[in-house]
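Close look at the chain arrangement
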Amino acid sequence: MRLLDGYECKLGVGDTIFIPSGYWHYIQYETAGYSVAYRALPVSLTKRAIGVRNIFITRRFDDAMRKLLGKRWFEYKTQTAYNRANRAIAISH
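Since this is a predicted model, take the numbers as computed values, not measurements. (Residues numbered from 1 in each chain as written. Predicted model: local features only at pLDDT ≥ 70, side-chain atom pairs only at ≥ 80, totals over all residues. Heavy atoms only, no water.)

1. Here's the deal with the overall build of the protein
In plain terms, the rule: Comment: elements are numbered from the N terminus, with helices defined as DSSP H or I runs of at least four residues and strands as E runs of at least two. We compute the radius of gyration from the C-alpha atoms alone; for a globule the expected value is 2.2 Å times N to the 0.38, where N is the number of residues. We call a residue buried when its accessible area falls under 20% of the maximum for its residue type, exposed when it is over 50%, and partly exposed in between, using a 1.4 Å probe and counting protein chains only. Using a 1.4 Å probe, accessible areas were evaluated by the Shrake-Rupley method; residue-level cover was limited to the displayed protein chains. Only four residue types enter the tally: Lys and Arg on the positive side, Asp and Glu on the negative side, with His and both chain ends excluded. For this purpose, a charge sits on NZ of Lys, CZ of Arg, CG of Asp or CD of Glu.
The secondary structure content of the protein amounts to two helices and zero strands. Relative to the globule expectation of 12 Å for 93 residues, the C-alpha radius of gyration of the protein, 16 Å, shows a markedly less compact shape. Its C-alpha atoms give the protein principal-axis dimensions of about 35 × 35 × 35 Å. Going through the 93 residues of the protein one by one, you find that 6% of them count as buried. In the form shown here, the protein has an accessible surface area of approximately 9500 Å², with 59% of it arising from carbon and sulfur atoms. For the protein, the separation between the mean place of its 15 positive charges and that of its 7 negative charges on side chains is 11 Å.

2. A short note on the packing of aromatic side chains
We apply this condition: Here is the rule: rings of Phe, Tyr and Trp (six-membered ring for Trp) pair when centre to centre is within 6.5 Å. Planes less than 30 degrees apart are stacked, more than 60 are edge-to-face, and the remainder are tilted.
This structure, assessed with the given rule, holds two aromatic pairs. On the basis of an interplanar angle of 80 degrees and a centroid distance of 5.8 Å, the ring pair of F61 and W73 is categorised as edge-to-face. With F61 in helix α1 (residues 45-69) and W73 in helix α2 (residues 71-92), the pair connects residues that are twelve residues apart, well separated along the chain. The partly exposed category is assigned to F61, whose relative accessible area is 48%. On the basis of an interplanar angle of 25 degrees and a centroid distance of 5.3 Å, the ring pair of W73 and Y76 is categorised as stacked. One end of the pair is W73 and the other is Y76, both in helix α2 and three residues apart, which spans about a single turn. Three or more aromatic residues link up through ring pairs in this structure, and these residues are F61, W73 and Y76.

3. Considerations on the side chain of D62
To be explicit about the condition: Under the rule applied, a polar contact is a pair of N or O atoms within 3.5 Å (in protein, one hydrogen donor and one hydrogen acceptor; residues adjacent in sequence only if both atoms are side-chain atoms). Residues are treated as being in contact if the distance between any of their heavy atoms lies within 4.5 Å.
Position of D62 relative to the elements: it lies in helix α1. Engagement of the side chain of D62 in a polar contact is seen with the side chain of K77, the distance being 2.8 Å. For D62, the residues in contact, after removing those within four places along its chain, are W73 and K77.

4. Some words on α1
The criterion, for reference: Each helix should span, by expectation, one fewer than its residue count multiplied by 1.5 Å. Bend, at a single residue, is the angle you get between axes fitted to the 7 residues ending at that residue and the 7 residues starting at it.
The terminal C-alpha atoms of α1 lie 34 Å apart, and with 25 residues this matches the ideal 36 Å at 1.5 Å per residue to within 8%. Within α1, the axis deviates most sharply at N54, by approximately 45 degrees. The N-cap residue of α1 is S44: its side-chain oxygen and the backbone nitrogen of T46 are 3.2 Å apart. Backbone geometry just after α1 places G70 at a positive phi near 55 degrees.

5. Some words on the pattern of salt bridges
What counts, and what does not: Salt bridge, as used here: a side-chain nitrogen of Lys or Arg that lies within 4 Å of a carboxyl oxygen of Asp or Glu.
Going through the model one piece at a time under the given rule, you end up with six salt bridges. In this structure, the salt-bridge partner of D62 is R66, at a minimum N-O distance of 2.8 Å. One end of the pair, D62, and the other, R66, are both in helix α1, four residues apart, so they sit about a helical turn from each other. Here D62 falls in the buried class, since its relative accessible area comes to 12%. Salt-bridge contacts for R66 lead to D63; the nearest nitrogen and oxygen are separated by 2.6 Å. Taken together, the residues R66 and D63, both in helix α1 and three residues apart, mark about one turn of the helix. Take R66: its relative accessible area is 41%, and that puts it in the partly exposed class.

What follows is the structure, given as structure tokens:
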């Protein structure tokens, strides 16, 4: 991850950020709050099917695992993200 260039920004009340499809991102809240994400429907039928799967299957699975495993699930997902990033960096060099 240290080899990647990135951007950091702090959003205030009412601010909006656009993150293009396929861009990795990480969000950390400094205070209690919530966010709203809007996504445009992709043109590709395959990508639409993946989106539907994410909404109806992946999200429910993630919710269940958070309830069952709590912090361990979060730590697993964080480690998996780091591992995937490191593999992507290794492949690109």
